[in-house]
Amino acid sequence: MNYLGIEKEILSSVRSLNRNQKSDVLDYVRNIRPIPHSEKLYRRRAMKQIREALMNG
């Protein structure tokens, strides 16, 4: 599902809630922590790019 589809689904789901429920949902969303990026994945991609650059350079 694309970003806009997810956004529309969230908005349509929240629309039917009462004021207190909407407030609870908003508090929950505000408290969601961002997912930390995987350093291992970035390191692996960087090493791949370095190898490719050395082979092509």
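As shown above, the structure is provided for reference.
Procedures and definitions
- Each residue is numbered by its place in its chain's sequence as written, counting from 1.
- Per-residue local features are limited, in this predicted model, to residues with pLDDT of at least 70; the limit for side-chain atom pairs, both in listing and counting, is 80 or more; totals at the level of whole chains, interfaces and linings are taken over all residues.
- Calculated side-chain values reflect all of the structure's heavy atoms, with hydrogen atoms and water omitted.
- Strands here are runs of E lasting at least two residues and helices are runs of H or I lasting at least four, both read from the DSSP assignment and numbered beginning at the N terminus.
- Here the radius of gyration uses the C-alpha set of atoms, whereas the globule reference equals 2.2 Å times the residue count to the power 0.38.
- Think of it in three bands: with a 1.4 Å probe and only protein chains considered, a residue is buried below 20% of the maximum accessible area for its type, exposed above 50%, and partly exposed in between.
- Only residues whose relative accessible area exceeds 30% and that form no salt bridge enter a patch; like-charged residues are grouped when within 9 Å of one another, and nonpolar side chains (Val, Leu, Ile, Met, Phe, Trp, Tyr) when within 5 Å.
- Only the protein chains shown count as cover for residues, with accessible areas throughout obtained via the Shrake-Rupley method and a probe of 1.4 Å.
- Take a side-chain nitrogen of Lys or Arg and a carboxyl oxygen of Asp or Glu: if they are within 4 Å of each other, that pair is a salt bridge.
- Residues counted as positive are Lys and Arg, residues counted as negative are Asp and Glu, and His and the chain ends are not counted.
- A charge is said to be at NZ when it belongs to Lys, at CZ for Arg, at CG for Asp and at CD for Glu.

On to the overall build of the protein. Along its length, the protein carries 3 helices and 0 strands. Its helices and strands in sequence order give the protein the pattern α-α-α, from N to C terminus. A compact globule built from 57 residues should have a C-alpha radius of gyration of about 10 Å, whereas the protein, at 21 Å, is more than 25% larger. Seen through its C-alpha atoms, the protein measures out along the principal axes to roughly 60 × 20 × 10 Å.

As a further point, take the environment of Tyr-3. In this fold, Tyr-3 is placed in helix 1 (residues 3-15). What makes Tyr-3 exposed here is its relative accessible area of 62%. Along the sequence, Tyr-3 and Arg-44 sit 41 residues apart, while their C-alpha atoms lie 27 Å from each other.

Turning to its location among the elements, Arg-51 is positioned in helix 3 (residues 39-56). Classification of Arg-51 as partly exposed rests on a relative accessible area of 46%. C-alpha of Arg-51 to C-alpha of Glu-39: the two residues are 12 residues apart in sequence and 18 Å apart in space.

Okay, a nonpolar patch on the surface next. On the surface, Val-25, Tyr-28, Val-29 and Ile-32 cluster together into a nonpolar patch covering about 380 Å² of accessible area. One can find Tyr-28 in helix 2 (residues 19-30).

The next subject is a positive patch on the surface. The grouping of Lys-40, Arg-43, Arg-44 and Arg-45 at the surface amounts to a positive patch. Mapped onto the secondary structure, Arg-43 falls in helix 3. With relative accessibility at 51%, the residue Arg-43 sits in the exposed group.

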